[in-house]
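So the chains spell out like this:
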Amino acid sequence: MRMNKYGRELELIILLTNETPLTALQISERLGITRRNLYYYFDYLKDCGFRIIKKGTYYQLDRNSSFFRRLHENIAVTEREAEYILRLLDSESKQDPTAASVRVKLSRSYGLTDISNPEVRKTVNRNVAMLKDAIAAKRVVKLCSYSSPHSATVSDRIVEPFLLMNNGLEVRCHDLSSHTNKTFKVSRMKGVEVMDVGWMYEKEHKQVYTDVFMFSGEECRRVELRLGQLSHNLLVEEYPASESHITPDGERWIFAADVVSFHAVGRFVLGLYDDIEILGCDDFKAYINEKISHMQAR
C-alpha cells in the first residue's frame, strides 16, 4: 500500500524526465488529476530537493537538482565515463540495437550528445576546424547557440579559445562575460564564428587539471592520508588512478595527491573515518570538521 501512496509522485518524476517535455495539461491528463492538484505535486517535489524548469508552457526536471546529484554520486558511471562509453559505442555496428539503445539512454540520462549521429559529427568536425584556426591565430570566437544543461539556457558565448581537449570533444576557453576559464563541449555548439578580434586576456588562460577522483579545475590542494587495509583496497578499487600516489608505510599506506575538490575525497574519508588518518592539508581538516559539525547539528 505504501508504494501506491507514492505512485503518482514516482510517475510524475518519470514524466518530467522524459526526453520530450510536456505541458501542465498533458501531465495532469496522464496522471488523472486536476491542474490545481498538479501544482501541489510540483511543490512537494520542490520540497524534496527537485528543481522544476518551465520553458514556455513545458515542464521538466533539472538534472542538476540535489536529488539527481545524490543519485549520481551512488552510481558508478560519471558523466566523463558516460562520454567514454559513448565514444566506444561509436565503433559498434549502427545495426546493433543494443548499442543504439545504450547510446540513447546515456545521451538522455547525462545530457550528452550522441556524436555517432552523422549530422552531429559533421557539426562537431566543422566546429573543431574553426576552433583550431582561432587558437592558431589567437582570435576571439562566438560559440553560437551553446546549450548549457547546468544553467538550462541556450545562448551565444564570446570566448577566447586556447586549448582543445578530450580528442577535440571539448575546448578550454576564457569567457569574456565572466572573465573565468571554462570548458565547453563542442557538440553543444550550433556553430563557431571567428571574430576579427585578438586575445586580450592571454595571461589569464589556465589549463584545467583533473585529479584522481575525476574532478577538474585550475587550482589544486595537496591532501595526505594514512590508510588502513580496508581504505587502501577500496581507494584503489574505486579510483584506480590513485594507485600511483600510494606508498607503503609499515602495515599501512600513505596516499598523497593534489585534488581539485574536497568533495569526493571527503566523502571517502567520512565513510571510512575509523580506518583513515588525515596527515596533511589544514583546509581539508577544516572541511571534514565542518561536515561532522553539520551532521551533529542535524
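Conventions we followed
Within every chain, residues take consecutive numbers counted from 1 along the sequence as written. In keeping with the model being predicted, local features are shown solely for residues with a pLDDT of at least 70 and side-chain atom pairs are shown and tallied solely at 80 or more, while totals for entire chains, interfaces and linings include all residues. Excluded from the side-chain calculations are hydrogens and water; all other atoms, namely the structure's heavy atoms, are used. Under the DSSP-based scheme used, a helix requires at least four consecutive residues in state H or I and a strand at least two consecutive residues in state E, with every element numbered from the N terminus. For this analysis, residues touch if any pair of their heavy atoms sits within 4.5 Å. Areas reported here follow the Shrake-Rupley algorithm with a probe of radius 1.4 Å; residue values treat only the protein chains shown as occluding. For two strands to pair, DSSP has to find at least two bridges joining them. Axis definition: a line fitted to C-alpha atoms, over the contacting stretch in the case of helices. Angles run 0 to 180 degrees between N-to-C directions. Residues enter a nonpolar core if they are buried and are Ala, Val, Leu, Ile, Met, Phe, Trp, Tyr or Cys, with the set joined through side-chain atoms within 4.5 Å. Accessible area is worked out with a 1.4 Å probe on protein chains only. A residue is then buried under 20% of its type maximum, exposed over 50%, and partly exposed in between. Angle categories are assigned with fixed cut-offs, so that under 35 degrees is roughly parallel, over 145 is roughly antiparallel, 65 to 115 is roughly perpendicular, and the rest are oblique. Left-handed describes a crossing in which the near helix is turned anticlockwise from the far one by less than a right angle; the clockwise case is right-handed. Polar here means any residue outside two lists: the nonpolar Ala, Val, Leu, Ile, Met, Phe, Trp, Tyr, Cys and Pro, and the charged Asp, Glu, Lys and Arg; Gly therefore counts as polar. Identification of polar contacts relies on pairs of N or O atoms within 3.5 Å, with a donor-acceptor requirement for protein atoms, meaning one able to donate a hydrogen and the other able to accept it, and with residues adjacent in sequence counted only if both atoms are side-chain atoms. Each residue carries a pLDDT score, the predictor's confidence in it, ranging from 0 to 100. Take the number of residues in a helix, subtract one, and multiply by 1.5 Å to get its expected span.

Turning our attention to the overall build of the chain. Broken down by element type, the chain carries 11 helices and 14 strands. Within the chain, residue pairs in contact and separated by at least 24 positions form 58% of the contacts whose partners lie at least 6 positions apart. Looking at the chain as shown, the accessible area adds up to about 17,600 Å², and 51% of this sits on carbon and sulfur atoms.

Our next topic: the sheet that holds strand β7 (residues 180–185). Strand order across the open sheet formed by five strands is β7-β6-β5-β4-β8, with antiparallel pairing between neighbours. The open sheet is flanked by β7 and β8 (191–198), the only strands paired with a single partner. Direction aside, the axes of adjacent strands within the sheet are offset by 45 degrees on average.

Time to look at the nonpolar core. Within the largest apolar cluster, 24 residues are counted, with the highest numbers of intra-cluster contacts made by F213, L225, F255 and F284. Residue assignment for this core shows that the elements contributing at least two residues are β11 (221–227), α9 (229–238), β13 (252–259), α10 (262–271) and α11 (282–297). Top element by residues in this core is α10. It accounts for five residues. Of all hydrophobic cores here, the second largest spans 17 residues; its members include L16, L31, I52 and L61.

We now examine the packing of α10 against α11. Following both chains from N to C, one finds α10 and α11 inclined at 60 degrees, their axes separated by 11 Å at the closest point. Taken together, the axis directions place α10 and α11 in an arrangement best described as oblique. Our pair here, α10 against α11, has a crossing hand that is right-handed. Across the interface between the two elements, F262, H263, V265, G266, V269 and L270 of α10 pack against D283, F284, Y287, I288, K291, I292 and M295 of α11. Grouping the constituent residues of the contact of α10 with α11 by class yields nine nonpolar, two polar and two charged.

This part takes up the sheet that holds strand β14 (residues 276–280). Spatially, β12-β13-β11-β14 is the arrangement adopted by the four strands of the open sheet, whose pairing is antiparallel. Each having just a single partner strand, β12 (246–249) and β14 make up the two edges of the open sheet. Geometrically, the sheet is characterised by an average inter-axis angle of 25 degrees between neighbouring strands, direction not taken into account. Packing of α9 onto the sheet brings it into contact with β11, β12, β13 and β14, and relative to β11 it is tilted by some 130 degrees.

Moving on, we get to the environment of T123. Here T123 shows up in helix α8 (residues 118–137). When the C-alpha atoms of T123 and R188 are compared, they prove to be 9.6 Å apart, with 65 residues separating the residues in sequence.

Next up on the list: the environment of H174. Here H174 lies in strand β6 (residues 170–175). Taking the C-alpha atoms as reference points, H174 and E204, 30 residues apart in sequence, are found 7.7 Å from one another. A polar side-chain atom of H174 sits 3.0 Å from a polar atom in the side chain of N181.

Attention now goes to the confidence of the model for the chain. Low pLDDT means the predicted coordinates in that region are not meant to be read closely. With 80% of its residues at a pLDDT of at least 70, the chain reaches an overall mean of 83. In the model of the chain, helix α1 (residues 2–5) stands out as the element of lowest mean pLDDT, 42, in contrast to β13, which has the highest, 96. Note that residues 1–5 has pLDDT below 50 and, in this model, one contact with residues that lie over four places away or in other chains.

The next thing to look at is the side chain of S28. Counting through the fold element by element, S28 comes out in helix α3 (residues 24–31). Take S28: its relative accessible area is 3%, and that puts it in the buried class. Beyond its immediate stretch of four places on either side in the chain, S28 contacts I33, T34, R35 and L38.

Relative to β13, β12 runs antiparallel, the two being bridged by four bridges. Bridged to I246 within β13 is F255. The antiparallel pairing of β12 with β13 creates a hairpin that spans two residues between the two strands, and G250 there sits at a positive phi of about 70 degrees.

With 13 residues, helix α4 (residues 35–47) should reach 18 Å at 1.5 Å per residue; the first-to-last C-alpha distance of 19 Å fits that figure. Count one or two residues on from α4 and you reach G49, which has phi positive near 105 degrees.

Right, let's get into the packing of α3 against α4. In a pair of packed helices, the angle between the axes and the distance between the axes together describe the arrangement. Axis separation between α3 and α4 bottoms out at 9 Å; the angle between their running directions is 95 degrees. The pairing of α3 with α4 is recorded here as roughly perpendicular in orientation. Across the interface between the two elements, A24, L25, I27, S28 and L31 from α3 touch R35, L38, Y39 and F42 from α4. A per-class count over the contact of α3 with α4 returns seven nonpolar, one polar and one charged.

Attention now goes to the pairing of strand β5 (residues 153–165). As defined by bridge partners, strand β4 (residues 139–148) adjoins β5 across six bridges and the pair is classed as antiparallel. Residue pairing across strands places S148 opposite T153, the latter belonging to β5. Across six bridges, β5 lies against β6 in antiparallel orientation. Across the sheet, the residue bridging to E160 is H174, located in β6. Between β5 and β6, which follow one another and run antiparallel, lie four residues, and N166 among them has a positive phi close to 55 degrees.

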